[in-house]
Amino acid sequence: MGSTERSKLIGVIDEGTNIARFAVFKLPDLEELFVHEVKITQITPRDGWVEQNPVEILEGVRLCMVEVCLQLEQHGYQVKDIASIGITNQRETTVVWDKNTGEPLHNAIVWNDIRTNSTVDKVLARLPDQNHNHFRSIAGLPVSPYFSALKLNWLKENIREVRKACREKRCYAGTIDTWLVWNLTGGIDGGAFITDVTNASRTLLMNIETLHWDALLIKTFSLHVDMLPEIRSSSEIYGRIKSESVLDGIPISAILGNQQASLVGQRCMREGQAKNTYRKGCFLLYNTGTRCVHSTHGLVTTVAYQMGPDRPPVYALEGSVAVAGVAMKWLKENLGLLKDIPTDSEAIAGSVFSTGDVYFVPAFTGLYAPYWRKDARGIICGLTSFTTKHHIIRAALEAVCFQTRDIIEAMKKDCGINLNKLHADGIMTDNKLLMQLQADLGGIPVLKTEFRDPAALGTAMAAAQANGINLYDLEPESWNAQRHVTTHETFLPTTTEEERDARYTKWKMAVQRSLGWAVTKKSEAMTDERYALLASIPASLFLLSSFVMLVFSQVSRR
């Protein structure tokens, strides 16, 4: 390939919950040329706790970059053909490290970890209204174990090394994008300590309208602004690779949280468009344009993207489903109802015409949007003597669709607009029965993208159009000219409105039965202030009151 004929390439680091990947796309049609991926180990020290080794994540990314560069050279390309690199990452997952040594102070706490349930209770106890929506007007988010601020607070309160590093002002904290960029651009030797607006909007520490760290939120979670990275736009040059690798000198020019990147990759860049990603969980984002819509129906307000420091932020309403593909994995590994999830889940569920009135609420770690009930737990109800595994597996698929409809209904109430179609991506969309059930139970067409995971594609688009790279145009009017129009497989509703509403009503009944199972003991929920109050009571007075209560109880028995 002659130098005058060379196509510009864009590299993308795609660091997800289970897999780290590096992919290279060719401009102008953004064809994915080469990719390499490695698995990331999940560490579960206790039930409900999920951790990862930050060093393993970093080294996995570096390995993928090396392997893809080898593939490039074997096919006649050169590393210098890569014009820039973008990063998309699992969101909310939180890393703390020593800024002087670069060493992690603890394993990363993953987004779906629920160890901070008690932290939530302590925070709520200090709020005047004890309402988990107290900070929605500032951050767009509820107080939930889901978000990074709770994880950082837990690390500071429970890990001695983190607490000491904070006290000595040498603790750096961030989401996975921050950890990767800092290390890849030099680390302790001048690495860029930054994040982008999409990831910052998932921390419960950023003001959703000013796009700056909020002093009240930082104080509420007992943190310090010096430990947090600088917030930048989603598409600009943040720095150049400087990690003694084959990619040294190449700029990093885009950062997007994986769900926001998927929204861009699906071309849902006009107000009113929405996409849902079907994976371990489900993540439905609805583009609200430059309007920052504060949900009153259980959704979160998030930054969808900001395509340059001088461009306005675009917002989205988001609803997250904690358990989607996870439910299928549970049916396979815990109950033994499935052998091969992709094949069996569709075939077995499709062998019956209905669930036989069985409903499955897979609230294994509580319910996310729009309920935000950490006390919910999974239930299967409506069982009869005729129920078989076929009905239960189909009910698990329908649960994904019902949870998605919960979010769509909330979006309709918040925006006053009926969604007329839903773009779908993620590994679960290979299940055509699931896609048809979603259309039937949601009552709107479902458009499955040709790309199983468009997050990397959306990141490549953002990286290529950054100021200083200028190889792509993300304006909708330019898509056709750039020969990159997404094609879809469309699933249309086949049920009546009465039928789908009747089934949805029973789903809501099942959800109500799942609530209130995981109740925190009062002794565990006591705040520090209450402990301090008890400690301030003189011992003699405490003993006297105990004696009086004992006498009173004896008299009452007589």
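Residues numbered from 1 in each chain as written. Predicted model: local features only at pLDDT ≥ 70, side-chain atom pairs only at ≥ 80, totals over all residues. Heavy atoms only, no water.

Caption draft 1: Layout of the overall build of the protein chain. The number of helices and strands found in the protein chain is 18 helices and 21 strands. Expressed as a percentage of its 558 residues, the buried residues of the protein chain come to 59%. When contacts within the protein chain are restricted to residue pairs at least 6 apart in sequence, those whose partners lie at least 24 apart make up 72%. As displayed, the protein chain has an accessible area near 23,400 Å², and 53% of this comes from carbon and sulfur atoms. (Helix = DSSP H or I, 4+ residues; strand = E, 2+ residues; numbered from the N terminus. Buried < 20%, exposed > 50% of the residue type's maximum accessible area, 1.4 Å probe, protein only. Contact = heavy atoms within 4.5 Å. Areas by Shrake-Rupley, 256 points an atom, 1.4 Å probe, with all protein chains shown as cover.)

Caption draft 2: Representation of the sheet that holds strand β5 (residues 82-89) within the structure. The strand order across the open sheet built from six strands is β3-β2-β1-β5-β12-β11, with neighbouring strands paired in mixed fashion. This sheet does not close on itself; its edge strands, each paired only once, are β3 (31-39) and β11 (239-240). In this sheet, strand β12 (residues 251-257) lies alongside β5 in parallel orientation, the contact comprising five bridges. Its bridge partner being in β12, Thr 88 is matched across the sheet by Leu 256. Against the sheet, helix α6 (residues 176-184) makes contact with β1 (9-15), β5, β11 and β12, and its axis sits at roughly 145 degrees relative to β5, the strand it touches most. (Pairing = 2+ DSSP bridges. Axes fitted to C-alpha atoms, helices over the stretch in contact; angles between N-to-C directions.)

Caption draft 3: Main features of the pattern of salt bridges. This structure, assessed with the given rule, holds 28 salt bridges. A salt bridge links Arg 202 to Glu 318; its shortest N-O distance comes to 2.9 Å. Of the two residues, Arg 202 is situated in the loop between α7 (197-200) and α8 (215-220) and Glu 318 in strand β16 (residues 314-321); the sequence distance between them amounts to 116 residues. Residue classification places Glu 318 among the buried positions, given a relative accessible area of 1%. Overlapping salt bridges bring together Asp 14, Arg 21, Glu 32 and Glu 37 as one network. (Salt bridge = Lys/Arg side-chain N within 4 Å of Asp/Glu carboxyl O.)

Caption draft 4: Inspection of the pairing of strand β15 (residues 300-305) at higher detail. When you tally the buried positions in β15, you get six out of six residues, the bulk of the element. Of the pairings in the sheet, the one linking β15 to β16 comprises five bridges and is antiparallel in character. Each bridged residue has a counterpart across the sheet, and for Thr 301 the counterpart in β16 is Leu 317.

Caption draft 5: Molecular detail of unusual backbone geometry. A cis amide bond, omega 10 degrees, links Leu 27 with the succeeding residue Pro 28. Structurally, the position occupied by Pro 28 is in the loop between β2 (19-26) and β3. Going from Ala 369 to Pro 370, the amide bond is cis rather than trans, its omega being -5 degrees. Relative to the elements of secondary structure, Pro 370 occurs in the loop between β17 (359-361) and β18 (379-381). One non-glycine residue with positive phi stands out, namely Ser 222, at about 55 degrees. Topologically, Ser 222 is positioned in the loop between α8 and β10 (230-232). Under the relative-accessibility criterion, Ser 222 is labelled partly exposed at 29%.

Caption draft 6: Expanded view of helix α15 (residues 497-514). With 18 residues, α15 extends 26 Å from end C-alpha to end C-alpha; this agrees with the ideal 26 Å at 1.5 Å per step. Every buried residue of α15 is accounted for by Arg 500, Arg 503, Tyr 504, Trp 507, Ala 510, Val 511 and Ser 514. All buried residues of α15 lie within an arc of 110 degrees about the axis, which places them on one face of the element. The exposed set on the far side of α15, more than 90 degrees from its buried face, consists of Glu 498 and Gln 512. Check the buried side of α15 and you find it contacts β17, β18, α12 (389-415) and α13 (432-442). Gly 516 lies just past α15 and shows a positive phi near 85 degrees. (Expected span 1.5 Å × (residues − 1). Arc of directions from axis to C-beta.)

Caption draft 7: Expanded view of helix α9 (residues 258-265). Of all eight residues in α9, eight are buried, a share of seventy percent or more. Buried residues of α9: Asn 258, Gln 259, Gln 260, Ala 261, Ser 262, Leu 263, Val 264 and Gly 265, and no others.

Caption draft 8: Just the side chain of Gln 465, in detail. Tracing the chain through its elements places Gln 465 in the loop between α14 (455-464) and β21 (488-491). Within the local environment of Gln 465, its side chain forms a polar contact with the side chain of Ser 235, the two groups lying 2.7 Å apart. Among all residues touching Gln 465, those that are not within four sequence positions of it are Ser 235, Met 307, Arg 311, Asn 470, Tyr 472, Asp 473 and Leu 474. (Polar contact = N/O pair within 3.5 Å; in protein donor to acceptor, adjacent residues only side chain to side chain.)

Caption draft 9: The arrangement of the sheet that holds strand β19 (residues 422-425) in detail. In spatial order, the strands read β15-β16-β14-β13-β19-β20-β21; together these seven strands make up an open sheet with mixed pairing. Of all the strands in the sheet, just β15 and β21 have a single pairing partner and so form its edges. Going from strand to strand, the sheet's axes swing by 30 degrees on average, the running direction of each strand aside. Against the sheet, α12 makes contact with β13 (274-278), β14 (282-289), β16 and β19, and its axis sits at roughly 20 degrees relative to β14, the strand it touches most.

Caption draft 10: A look at the nonpolar core. Counting residues in hydrophobic clusters, the biggest one holds 113 residues, and the most contacted among them are Leu 205, Tyr 278, Leu 331 and Trp 507. Among the elements that line this core, the one with the most residues is α12, at 14 residues. Ignoring any residue separated from it by four or fewer positions in sequence, one finds Leu 331 in contact with Gly 336, Leu 337, Leu 338, Phe 360, Ile 392, Ile 393 and Ala 396. Counting 40 residues, the second-largest nonpolar core is a separate cluster that includes Val 61, Tyr 77, Ile 87 and Trp 182. (Core = buried A, V, L, I, M, F, W, Y, C linked by side-chain atoms within 4.5 Å.)

Caption draft 11: The arrangement of the packing of aromatic side chains in detail. Inspection of every chain in the model, using the stated rule, returns 22 aromatic pairs. Judged by centre distance (6.0 Å) and plane angle (75 degrees), the ring pair of Phe 34 and Tyr 77 falls under edge-to-face. In this pair, Phe 34 is assigned in strand β3 and Tyr 77 in the loop between α1 (54-74) and β5, connecting sequence segments 43 residues apart. Aromatic side chains Trp 330 and Phe 364 sit 5.2 Å apart centroid to centroid with 45 degrees between the ring planes, which places their arrangement in the tilted category. Pair noted here: Trp 330 is in helix α10 (residues 325-333) and Phe 364 is in the loop between β17 and β18, with a separation of 34 residues, a long-range link. The class of Trp 330 is partly exposed, set by a relative accessible area of 23%. Take Phe 364: its relative accessible area is 26%, and that puts it in the partly exposed class. One aromatic cluster in this structure is built from Trp 111, Tyr 146, Phe 147, Phe 283, Tyr 368 and Trp 372. (Phe/Tyr/Trp six-rings, centres within 6.5 Å; stacked < 30°, edge-to-face > 60°.)

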